[in-house]
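Inside the fold
Okay, here's what each chain looks like letter by letter:
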Amino acid sequence: MAFTPRVFSGIKPSGDLHLGNYLGAIRRFVPLQDTHETIYCVVDMHAITVWQDPEDLRRRTYEIAAAYIAAGLDPAKSIIFNQSKVMEHAELSWIFNCVARMGWMSRMTQFKDKAGENSENVSLGLFAYPSLMAADILLYKATGVPVGEDQKQHLELTRDIAKKFNHDFRKQISAAGFEGDFFPITETLATGPAMRVKSLKDGSKKMSKSAESDLSTIYMMDDADMIAKKIKRATTDAEALPSEAAGLAGRSEAENLAGIYAALSNQTVDQVLAEFGGKGWGAFKPALGELAVAVLSPIAEEMKRLVADRGEMDRILRDGADRARAIAQPVMEDVRNIVGFIR
Ligand code: TYM
């Protein structure tokens, strides 16, 4: 059967938003709202899989919704809401907990990284996390999910859950009047530069909300001086920039900074290197600093203005949740019927 081209993505309010979130996700959400039906969520239920101070959780939830809008999402076009407002996410994730296998979850590298040595002591929610993520996406029968590279494995699992559900309930799906599959096999949208932004201090690690050095992550709310300082102090090698992307092989810090420049200026890495090839860091870093400030500062200003207008933010999130629910409820009705729940 034909599916509406629909995009879903989400960001977890578990730490302050950073450049990786912007380049790997938010920036790429914007153009999709002209070609797809777009649903962008602040996944607060995912955030609490590790302890969150409730006040911080609330503040960050507003901040992410504000960042979506400040970066160019139009709440009249895109559905913007926080996950916990639409209960069907939790309901479908329970059903998916009963579809997904323990072995699938145990292989998730993000779980292994987060649980580390401490896997007996992390929350059950952290283990089941990918099943809630599959529910987020499939509740809307989304066909595409824009994310950074670190989410690819979770999206493979989403496809496995969709396939197993479609397979296990084939008879009931067909009896309910659906031709072929009930859930779509969702595509991962993760191409272009900066799909994995690295730490500014260590090119072997990704830029993240929980970095060990303050200088390794550029936060969306950093002011112009702080952004320039972090870029200036970024770790690099001693060589000049090459004149094409192939020359970046094995130079992860250089590759990272060139990729950030490319993404921020909407160019390819080759285009950036055509301009900077042969030049040293003394020329490149100030140019990158200026570019980053020019792109990020207006977004930070607008975020501040929006979060200060609590009434307006609440209205946007309520309206988004109402529109999300209008899509989710009929899908959930079908799911309940398919699995055999009496209503
Ligand atoms: P989260 O909150 O960790 O990250 C949000 C988005 O930012 C991307 N990202 C990066 N991209 C490039 N470089 C980086 N260093 C970097 N760090 C983060 C992530 O890939 C992501 O796209 N599980 C998800 C949230 C989620 C979700 C969903 C996403 C829940 N349900 C449904 C898509 C669809 C997460 O923790 O993202």
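Residues numbered from 1 in each chain as written. Predicted model: local features only at pLDDT ≥ 70, side-chain atom pairs only at ≥ 80, totals over all residues. Heavy atoms only, no water.

**Details of the domain arrangement of the chain**
Partitioning the chain into structural domains gives domain 1 (6-195 + 310-339) and domain 2 (214-305). Each of domain 1 and domain 2 has a C-alpha centre, and the two are 30 Å apart. Counting residues at the interface gives 14 residues for domain 1, matched by 18 residues for domain 2. Of the roughly 1,300 Å² buried between domain 1 and domain 2, counting both surfaces, carbon and sulfur atoms make up 80%. Looking at the side of domain 1 facing domain 2, the largest losses of area belong to Leu19, Tyr22 and Ala70, adding up to 38% of the total buried there. Where domain 1 packs against domain 2, one counts 0 salt bridges. (Domains from an automatic or database assignment. Contact = heavy atoms within 4.5 Å. Buried area = accessible area lost by both parts, 1.4 Å probe. Salt bridge = Lys/Arg side-chain N within 4 Å of Asp/Glu carboxyl O.)

**Comments concerning the site of the ligand**
Every one of the 27 residues lining the ligand counts as a neighbour, but Lys12, Tyr129, Asp136, Asp150 and Val197 are closest to it. Here an oxygen atom of the ligand and a side-chain polar atom of asparagine 21 are 3.1 Å apart. Counting residues per element, the ones that place at least two in the shell around the ligand are strand 1 (6-11), helix 1 (19-32) and helix 7 (124-138). The residue inventory of the shell around the ligand, partitioned by class, reads 13 nonpolar, 9 polar and 5 charged. (Near = heavy atom within 4 Å. Polar contact = N/O pair within 3.5 Å; in protein donor to acceptor, adjacent residues only side chain to side chain. Helix = DSSP H or I, 4+ residues; strand = E, 2+ residues; numbered from the N terminus. Nonpolar A, V, L, I, M, F, W, Y, C, P; charged D, E, K, R; others polar.)

**What to know about the nonpolar core**
Within soluble globular proteins, side chains that are nonpolar generally end up buried alongside one another. Ranked by size, the top nonpolar core spans 59 residues in total, and within it Leu19, Tyr22, Leu23, Tyr68, Ile260, Leu264 and Phe284 carry the most contacts. A per-element tally of this core places helix 13 (residues 281-308) first, with 9 residues. Of the domains in this structure, domain 1 (6-195 + 310-339) and domain 2 (214-305) are the two that each give at least three residues to this core. When near neighbours in sequence (up to four residues on either side) are disregarded, tyrosine 22 contacts Arg27, Ala71, Met220, Leu264, Val295, Leu296 and Ile299. Formed by 48 residues, the second largest nonpolar core is a distinct cluster that contains Tyr129, Ile137, Leu139 and Ala162. (Core = buried A, V, L, I, M, F, W, Y, C linked by side-chain atoms within 4.5 Å. Buried < 20%, exposed > 50% of the residue type's maximum accessible area, 1.4 Å probe, protein only.)

**What about the pairing of strand 1?**
Of all 6 residues in strand 1, 5 are buried; the element is thus mostly enclosed. By the bridge criterion, 6 bridges tie strand 1 to strand 2 (residues 37-42) in an arrangement that is parallel. Counted as the bridge partner of valine 7 is threonine 38 from strand 2. Taken together, strand 1, helix 1 and strand 2 constitute a β-α-β crossover, and its handedness is right-handed. (Pairing = 2+ DSSP bridges. Right-handed = clockwise from strand over helix to strand, strands pointing away.)

**What to know about the side chain of lysine 141**
Tracing the backbone shows lysine 141 in the loop between helix 7 and strand 4 (144-146). The buried charged residue lysine 141 lacks any salt bridge partner; its closest oppositely charged side chain belongs to aspartate 334, at an N-O distance of 5.1 Å. A polar contact is formed between the side chain of lysine 141 and the backbone oxygen of phenylalanine 182, at a distance of 3.4 Å. (Lys, Arg positive; Asp, Glu negative; His and termini not counted.)

**Things to note about helix 4 (residues 88-97)**
Every buried residue belonging to helix 4 is among Glu88, His89, Leu92, Ser93, Ile95 and Phe96, and all of these are buried. The arc that holds every buried residue of helix 4, seen down its axis, measures 155°, which confines them to one face. Against the buried residues of helix 4 lie strand 1, helix 2 (44-47), strand 3 (79-82), helix 7, helix 8 (152-168) and helix 14 (310-339). (Arc of directions from axis to C-beta.)

**Here we look at a positive patch on the surface**
Taken together, the side chains of Lys201, Lys229, Lys232 and Arg233 make up a positively charged region of the molecular surface. Counting through the fold element by element, lysine 201 comes out in the loop between strand 5 (187-189) and helix 10 (224-232). Of the residues examined, lysine 201 reaches a relative accessible area of 30% and is grouped as partly exposed. (Patch = residues over 30% accessible without salt bridge, like charges linked within 9 Å, V, L, I, M, F, W, Y side chains within 5 Å. Areas by Shrake-Rupley, 256 points an atom, 1.4 Å probe, with all protein chains shown as cover. Charge placed at Lys NZ, Arg CZ, Asp CG, Glu CD.)

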